[in-house]
Amino acid sequence: MVAIPATLSPSEVPGWDREVDVLVAGQGVAGTCAALEAHRAGADVLIVERASGGGGASALSSGIFYLGGGTAVQQAAGYNDTAEELAKFLLASCDPLDANAAIAFANDCKDHFDWLETQGVPFERSYFGGKAVWLDDTTCLMWTGNEKAWPYREAARPAPRGHKVAGVGENAGAAGMKPLLEKCESEGIAAIYDSAVVALVQDADGRVVGVKVRQVGRELYIRARRGVIIACGSHNMSEDLIKENLPLLSETSEPLGIPSNDGAGVKLGLSAGAHAVALDGVIPTASIYPPGQLIKGIVVNRNGERFVSEDVYHGRLGNFVMEQPGQTAYLIVDSEIFAYPENPLAKHTLIDGYETVEEMEAGLDLPTGSLVETMRAYNESAHRSVDPRFHKHADWIKPLDQGPYAAFDISFDKSHYLFITLGGIKTDAMGRALDLKSNAIPGLYVVGASAAHIPRTGKAYASGLSLGPGSYFGRRAGAHAAGANWR
């Protein structure tokens, strides 16, 4: 059972230690952007952060913001993206709970990119056209989702929208958080650290009017006259939320996050009567690339059947692998494209090499004739550069007919699948927390990974759909809580 903290009534508060207009719980990208907008709208803002400094999981991320609509980086790379095409892609691929919020994000995306640059977030005018999970250089624009995958490439004109900050490696996000944190400091936004919001104070009308904060050796009660913004991160590390909502995760699954990603934001929202949605959403990733040539192979389950197009986003592939019989899957390649997967975190293992498909089928203990038929049908179409079964993009199609062959075990309970949780508190386009019937909880906002993302599942995700919308909806919530009109 999930442990939900109890709310306090104002009469239970022994005395307010501090009063502010807007209190922001958490200083990752969403909370930082919320604090900046609320402060600039004239509100007295206080940030309460559990760690000893700001940055959160955002600073340890790969630093990719999913942005589009014709940003300066897209234009420099020769891509004429539009807000309409971005919205069409998000609506088709993500099936968002709030279509209007997704459309608002798409419409404002280009301006939001400009705002991030104005704050000092560094983006190069550079482009990487291959397939990668993260880059070990400062290149910016990447393909980070299912834009080219069927059926989404037919729903919207494909464009690269992953904007990586000019940092290096899988923790490049620090380069994006540093200038945002410096803005907070230079503008005099108050913050207290090593401080955890452990309960909300809610009056008889249901309005959230303050918080209880726990520090080492003492507790504080802080009144928030205009609103409390929860930006406490995801529930990756929440054993009870994961056990209740994600039973398919295996012993080889490992959460990507920081210790404070324990679901505190979700649980605080639930305590005040907000509703949580899509908590069964997860992005499990153990990408088969790089090198990209491995995408030209096929992935089969223990029945010898393909079950997804191999060119999809690695989180989409991971979700499908997780759902296969026995969570078993194999990557099949021939001698022309053979290579070892270079993602050191995935730990895919080479099972063996085989002279013939029949030998491989027997070696993998697949049903007699299953892999032979799968390869026959795939190769027949691949000679025509088509994939009528799953519509893999022609860029990644080649006949697998040059023996010897090899099989890699990419099974969900064998390889090392890192995961990020999706879902969270249901919110509107201004970040206001909503109850089951979509009524706003007065005085309460939830943003970033504590709120439900635009995508409901990892099958719909694209790298950057946390930092991009998180920073954007953080800004909207900050402005609204401060009483300002958004634009």
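From a predicted model like this one, the values you see are computed outputs, not experimental measurements.

Participant: How should the overall build of the chain be read in this particular structure?
Facilitator: A tally of regular secondary structure across the chain gives 12 helices and 20 strands. Here the C-alpha radius of gyration of the chain, 24 Å, is about what a compact globule of 487 residues would show, namely 23 Å. Each principal axis of the C-alpha distribution contributes one length, and for the chain these read about 75 × 50 × 35 Å. Per-residue burial for the chain yields a buried fraction of 59% across its 487 residues. The contacts of the chain with a sequence gap of at least 6 include a subset with a gap of at least 24, amounting to 75%. Within the structure as shown, the chain displays about 18400 Å² of accessible surface, and the carbon and sulfur contribution to it stands at 49%. Charged side chains of the chain number 42 positive and 58 negative; the gap between the two group centres comes to 6 Å.

Participant: Is there a simple way to think about the packing of helix α1 (residues 29-40) against helix α6 (residues 174-186) in this case?
Facilitator: Helix-helix packing is described using two parameters, namely the angle between the two axes and the distance between the axes. Where α1 contacts α6, the axes come no closer than 10 Å and their chain directions differ by 35°. By crossing handedness, the relation of α1 to α6 is classed as left-handed. Taking contact as the criterion, the partners of Val-29, Thr-32, Cys-33, Leu-36 and Arg-40 in α1 are, on α6, Met-177, Leu-180, Leu-181, Lys-183 and Cys-184. A per-class count over the contact of α1 with α6 returns 7 nonpolar, 1 polar and 2 charged.

Participant: Is there a simple way to think about the packing of aromatic side chains in this case?
Facilitator: What describes a pair of aromatic rings is the distance from one ring centre to the other and the angle between the planes of the rings. Applying the stated criterion to the full structure yields 14 aromatic pairs. Each ring, one from Tyr-340 and one from Phe-408, has its centre 5.9 Å from the other, and the planes form 80°; the classification is edge-to-face. Of the two residues, Tyr-340 is situated in the loop between β14 (330-334) and β15 (349-354) and Phe-408 in strand β16 (residues 405-409); the sequence distance between them amounts to 68 residues. The buried category is assigned to Phe-408, whose relative accessible area is 0%. Each residue in the set Phe-65, Phe-113 and Phe-123 is aromatic and connected to the rest through ring pairs, giving one cluster. When the ring centre of Phe-320 is taken as reference, the NZ or CZ atom of Lys-459 above it lies at 4.2 Å. Positioned above the aromatic ring of Trp-115 is the side chain of Arg-475, whose terminal nitrogen or guanidinium carbon lies 4.1 Å from the ring centre.

Participant: What am I meant to see in the sheet that holds strand β4 (residues 141-142) here?
Facilitator: In a beta sheet, neighbouring strands pair by backbone hydrogen bonds and run either parallel or antiparallel. Strands sit in the order β3-β5-β4 across an open sheet of 3 strands; the sheet is antiparallel. This sheet does not close on itself; its edge strands, each paired only once, are β3 (64-66) and β4. Where β3 lies against strand β5 (residues 162-164), 3 bridges are found, and the strand directions are antiparallel. Residue pairing across strands places Phe-65 opposite His-163, the latter belonging to β5.

Participant: Hey, could you run me through the environment of Gly-424 in this one?
Facilitator: You can see Gly-424 is positioned in strand β18 (residues 424-425). Residue classification places Gly-424 among the buried positions, given a relative accessible area of 0%. For the pair Gly-424 and Asp-280, spaced 144 residues apart in sequence, the C-alpha to C-alpha distance is 9.7 Å. With residues near it in sequence (within four places) discarded, Gly-424 still touches Val-266, His-275, Ala-276, Val-277, Leu-279, Ser-450, Ala-451 and Ala-452.

Participant: I tried to follow the sheet that holds strand β12 (residues 282-285) on my own but got confused; where do I start?
Facilitator: One open sheet holds the 3 strands; their spatial order is β10-β17-β12, and the pairing between them is mixed. Every other strand in the sheet has two partners, leaving β10 (253-255) and β12 as the edge strands with one partner each. In this sheet, neighbouring strand axes are inclined to one another by 30° on average, regardless of whether the strands run parallel or antiparallel. By the bridge criterion, 4 bridges tie β12 to strand β17 (residues 417-421) in an arrangement that is antiparallel. The partner of Pro-284 across the bridge, within β17, is Phe-419. Running at roughly 95° to β12, helix α9 (residues 314-322) makes contact with β12 and β17 of the sheet.

Participant: Would you mind going over helix α8 (residues 264-271) with me for this structure?
Facilitator: Structural remark: α-helix, 3.6 residues per turn; residues separated by three or four positions point the same way. Across the 8 residues of α8, 7 count as buried, placing the element largely inside the fold. Along α8, the positions that sit buried rather than exposed are Ala-264, Gly-265, Val-266, Lys-267, Leu-268, Gly-269 and Ser-271. Buried residues belonging to α8 abut β7 (196-202), β9 (218-230), α7 (239-245), β11 (276-277), β18 and β20 (440-446). Among the residues trailing α8, Gly-273 stands out with phi positive, at a value near 100°.

Participant: How should α9 be read in this particular structure?
Facilitator: Judged by how many residues are buried, α9 sits mostly within the fold: 9 of 9 residues are covered. Residues of α9 that are buried: His-314, Gly-315, Arg-316, Leu-317, Gly-318, Asn-319, Phe-320, Val-321 and Met-322. At its buried positions, α9 is contacted by α5 (152-155), β12 and β17.

Participant: Would you mind going over the pattern of salt bridges with me for this structure?
Facilitator: Pairing is possible between side chains of opposite charge, provided their charged atoms come close. Within this structure, the stated rule accounts for 25 salt bridges. Here Asp-334 ties to Lys-398 by a salt bridge, and the two come within 3.0 Å at their closest N and O atoms. Taken together, the residues span a long stretch of sequence, with Asp-334 in strand β14 and Lys-398 in the loop between α11 (370-382) and β16 at a distance of 64 residues. For the residue pair Asp-334 and Lys-398, the accessibility class agrees, reading buried in each case.

Participant: What exactly am I supposed to notice about the packing of α1 against helix α12 (residues 467-481) here?
Facilitator: Put simply, α1 and α12 touch, their axes get as near as 7 Å, and they point 30° apart. With respect to each other, α1 and α12 are oriented roughly parallel. α12 is crossed by α1, and the crossing has right-handed handedness. Packed against α1, whose contacting residues are Val-29, Ala-30, Cys-33, Ala-34, Glu-37 and Ala-38, the element α12 presents Leu-467, Gly-470, Ser-471, Gly-474, Arg-475, Gly-478 and Ala-479 at the interface. Taken together, the residues of the contact of α1 with α12 sort by class into 7 nonpolar, 4 polar and 2 charged.

Participant: What is the right way to read the pairing of β7 from this model?
Facilitator: The side chains of a regular strand alternate, first on one face of the sheet and then on the other. Of all 7 residues that make up β7, 6 are buried, and the element is covered over most of its length. Counting the residues that bridge the hairpin from β7 to strand β8 (residues 208-215) gives 5 residues, and of these Gly-206 lies at a positive phi of roughly 90°.

Participant: Please explain the pairing of strand β2 (residues 45-48) as it appears in this structure.
Facilitator: Burial along β2 is two-sided: the residues Val-45 and Ile-47 and Leu-46 and Val-48 are all buried. Looking at chain direction, strand β1 (residues 18-25) and β2 are connected through 4 bridges and run parallel. The residue of β2 that forms the bridge with Ala-25 is Val-48. A crossover connection joins β1 to the parallel β2 through α1; in handedness this β-α-β unit is right-handed.

Parameters at a glance
Residues numbered from 1 in each chain as written. Predicted model: local features only at pLDDT ≥ 70, side-chain atom pairs only at ≥ 80, totals over all residues. Heavy atoms only, no water. Helix = DSSP H or I, 4+ residues; strand = E, 2+ residues; numbered from the N terminus. Rg over C-alpha atoms; globule rule 2.2 N^0.38 Å. Buried < 20%, exposed > 50% of the residue type's maximum accessible area, 1.4 Å probe, protein only. Contact = heavy atoms within 4.5 Å. Areas by Shrake-Rupley, 256 points an atom, 1.4 Å probe, with all protein chains shown as cover. Lys, Arg positive; Asp, Glu negative; His and termini not counted. Charge placed at Lys NZ, Arg CZ, Asp CG, Glu CD. Axes fitted to C-alpha atoms, helices over the stretch in contact; angles between N-to-C directions. Left-handed = near helix turned anticlockwise from the far one by under 90°. Nonpolar A, V, L, I, M, F, W, Y, C, P; charged D, E, K, R; others polar. Phe/Tyr/Trp six-rings, centres within 6.5 Å; stacked < 30°, edge-to-face > 60°. Lys NZ or Arg CZ within 6 Å of the ring centre and 35° of its normal. Pairing = 2+ DSSP bridges. Salt bridge = Lys/Arg side-chain N within 4 Å of Asp/Glu carboxyl O. Parallel < 35°, antiparallel > 145°, perpendicular 65-115°, else oblique. Right-handed = clockwise from strand over helix to strand, strands pointing away.

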